[in-house]
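Structural characterization, general
Listed here are the chains, written in short residue letters.
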Amino acid sequence: MIPADKVPAPATAPDDGEGDPESTGPGPETEGNPKTRPLRMVLTLILGGIGGILFHELHMPLPWMIGALVFTVVASLSGAPLVRPKRLRLYMVPVLGVMLGAGFTPEAIRHATEWIASLSMLLVYAVGITAMVSYYLVRVAKWDAATSYFSASPGGFGEMALLGEAMGADDRKISLNHSVRIMLTVLVIPFWFKFFEGYQPGNMGALGNMADIRLKDAAILIACAVVGYYVARRLRFPAAQLLGPTLVSAIVHMAGLTEARPPQEIVALAQVVIGAAIGCRFLGISLRQMFGTMAQAAGITVFMLGAAYAGAWTVSYFTGLPVNTLWLAFAPGGLAEMTLISLSLGIDVAFVSVHHMVRVIFLVAMAPVAFKLLEGVLRRAEATNKG
């Protein structure tokens, strides 16, 4: 048992400066030779761009992000000399935050009181899933208690890896588990909506292009991104690079200071970078050696998606809210990635993003306390395995 005074407080802003709990923390990838990093970065972005173009031409859902993800995952597992664009991602995620904030309207805010039931169910879902999956990992997969708990969370990637490492867990296994969770959710959700629900990808042309945006509007959008990020980071908000720009952009747009949104060229580039960042998490991984862990992670992700749908259906039955919107709000994907999916599918952006923000903040804040509450049960299950 870990003494109470040794349980680390939730780290709401990772030290690496990225501040995104779904995308920071120790990862399975290797950095390689620093001298070749620029060349490998160019290769990564070219490969991701090719994937994005191909998927765009094939009219796939969320083509720029998913195309980049698929191409870089295959290349990473094949041993290609890529590098994860962590620093570039830092500059791209605020673009999504600004675009997301532009989707908040006074009408959407007026309906916020209708979200109490769904937000309550979301928290029940998060707690229940974490408890069930962590117990499964201890009893069936034979993982240790700490690794099981911090791998079971349906959100808060970086924070869970950092807290788990501090408590003696296998941070590499935690990172791989969460990487698979995010990747599969990002792949499954858009294709499900396209092929089974009849949704069509949103029209990015509605965002406009770089040639049309006025200098004044461009300056306001850049200020939203920069000021929002640094204020949120200063206040130690989780997901500062997304949450800060979102809040500032929402205030600016609702105040009528601008109606502009980030141009489609920048949004497409942001999608490529984010997709490549997910794909490159699998650098340095031997598929043969890690297949068992990845298979467990895949099964857990499918279970989480099914449980999220069940929770969405339940809330929809009692409230009348659209079940597909609720499922997207409950889905165990990354905050930035699920925001992009909601934008791409034209599904209530404010509703989905607020639910994912609440999920991440709740999971990060409660992680140490929740682990202490479950630790006794998990340790006993671990001892039973050894006996």
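Quick note: structure is the one above.
Now for a quick tour of the structure.

Right, let's get into the overall build of the protein. Check the secondary structure of the protein and you find 15 helices and zero strands. Here the protein holds 387 residues, and the buried ones make up 54% of them. The long-range share in the protein, meaning contacts at least 24 apart out of those at least 6 apart in sequence, stands at 79%. Of the roughly 16,300 Å² of accessible surface on the protein, 66% is carried by carbon and sulfur atoms.

A few words on unusual backbone geometry. Although it is not a glycine, His 59 adopts a positive phi angle of roughly 60°. Mapped onto the fold, His 59 is located in the loop between α1 (37-57) and α2 (63-77). For Lys 142, which is not a glycine, the phi torsion comes out positive at approximately 65°. The exposure class assigned to Lys 142 is exposed, which follows from its relative accessible area of 54%.

Looking now at the environment of Leu 77. Note on placement: Leu 77 falls in helix α2. Taking the C-alpha atoms as reference points, Leu 77 and Arg 281, separated by 204 residues in sequence, lie 9.8 Å from one another. Not counting residues within four places of it along the chain, the set of residues in contact with Leu 77 comprises Phe 282, Ile 285 and Leu 287.

Take helix α13 (residues 323-330) next. Burial runs high along α13: eight of the eight residues are buried. Of the positions making up α13, those classed as buried are Val 323, Asn 324, Thr 325, Leu 326, Trp 327, Leu 328, Ala 329 and Phe 330.

As a further point, take the side chain of Ser 118. Position of Ser 118 among the secondary structure elements: in helix α5 (residues 116-139). Among the polar contacts made by the side chain of Ser 118, one reaches the main-chain carbonyl oxygen of Trp 115 at a distance of 2.9 Å.

Glancing now at the nonpolar core. Leu 96, Ile 189 and Phe 282 are the most contacted members of the largest nonpolar core, which has 73 residues in total. Per element, the largest residue contribution to this core is ten residues, and it comes from helix α12 (residues 287-319). With 18 residues, the next largest nonpolar core counts Ala 126, Tyr 149, Ala 367 and Ala 381 among its residues.

Moving on to the pattern of salt bridges. With the rule as written, the count across this model stands at five salt bridges. Ionic pairing is found between Arg 379 and Glu 382, a salt bridge with its closest N-O pair at 3.5 Å. Of the two residues, Arg 379 and Glu 382 both sit in helix α15 (residues 349-386), three residues apart, roughly one turn of that helix. Overlapping salt bridges bring together Lys 372, Glu 375, Arg 379 and Glu 382 as one network.

Our next topic: the packing of α5 against α15. The contact between α5 and α15 brings their axes to 8 Å, and the two run at 30°. With respect to each other, α5 and α15 are oriented roughly parallel. Of the two elements, α5 crosses α15, and the hand of that crossing is right-handed. Classifying every residue of the contact of α5 with α15 gives 16 nonpolar, six polar and three charged.

With that settled, the discussion passes to the environment of Val 70. By the secondary structure assignment, Val 70 is in helix α2. If near-sequence neighbours (up to four positions away) are discounted, Val 70 is found in contact with Phe 55 and Leu 187.

The next point concerns the layout of surface pockets. Each pocket or cavity is described by its volume, and for the second largest pocket that value is around 440 Å³. Residue lining of the second largest pocket: 17 residues in total, with Tyr 91, Val 95, Leu 221, Ile 222 and Ala 225 positioned closest to the centre. Mapped onto the lining of the second largest pocket, the elements with two or more residues apiece are α3 (86-102) and α9 (215-234). Examining the composition of the lining of the second largest pocket, we find that seven residues originate from one element, α9, more than from any other. Of the residues belonging to the lining of the second largest pocket, the class tally is 17 nonpolar, no polar and no charged.

Conventions used here
Starting afresh in each chain, residues are numbered from 1 along the sequence in its written order. Restriction of local features to residues with pLDDT of at least 70 applies here, the model being predicted, together with a cutoff of 80 or more for giving and counting side-chain atom pairs; totals for whole chains, interfaces and linings are based on all residues. Think of the side-chain values as coming from all heavy atoms in the structure, minus any hydrogens and water. Labels follow the DSSP assignment, with helices taken as runs of H or I lasting at least four residues and strands as runs of E lasting at least two, numbered in each case from the N terminus. Type-normalised accessible area, obtained with a 1.4 Å probe on protein chains alone, sets the label of each residue: buried when under 20%, exposed when over 50%, and partly exposed for intermediate values. Any pair of residues with heavy atoms lying within 4.5 Å of one another is described as a contacting pair. Per-residue and other accessible areas follow the Shrake-Rupley method at a 1.4 Å probe size, with only the shown protein chains counted as cover for residues. Two N or O atoms count as a polar contact when they lie within 3.5 Å, although within protein this holds only if one can serve as hydrogen donor and the other as acceptor, and sequence-adjacent residues are included solely when both atoms are side-chain atoms. For our purposes a nonpolar core is just a set of buried Ala, Val, Leu, Ile, Met, Phe, Trp, Tyr and Cys residues, chained together by side-chain atoms within 4.5 Å. A pairing counts as a salt bridge when a side-chain nitrogen of Lys or Arg comes within 4 Å of a carboxyl oxygen of Asp or Glu. Here an angle of 0 to 180 degrees is reported between the N-to-C directions of two axes, which are lines fitted to C-alpha atoms, with helices fitted over the stretch in contact. Orientation is classified from the angle alone, with under 35 degrees giving roughly parallel, over 145 giving roughly antiparallel, 65 to 115 giving roughly perpendicular, and any other angle giving oblique. Crossings are assigned a handedness: left-handed for a near helix turned anticlockwise from the far helix by less than a right angle, right-handed for a clockwise turn. All residues other than Ala, Val, Leu, Ile, Met, Phe, Trp, Tyr, Cys, Pro, Asp, Glu, Lys and Arg, Gly among them, are scored as polar; the first ten of these are nonpolar and the last four charged. In the cavity and pocket records, a cavity denotes points on a 1 Å grid over the protein atoms alone where a 1.4 Å probe fits but cannot get out, a pocket denotes an open set with protein on both sides within 12 Å along at least 5 of 7 lines, and lining residues are residues with an atom within 4 Å of a point. Grid points are joined across faces, edges and corners, and a volume is the space filled by probe spheres set on the points.

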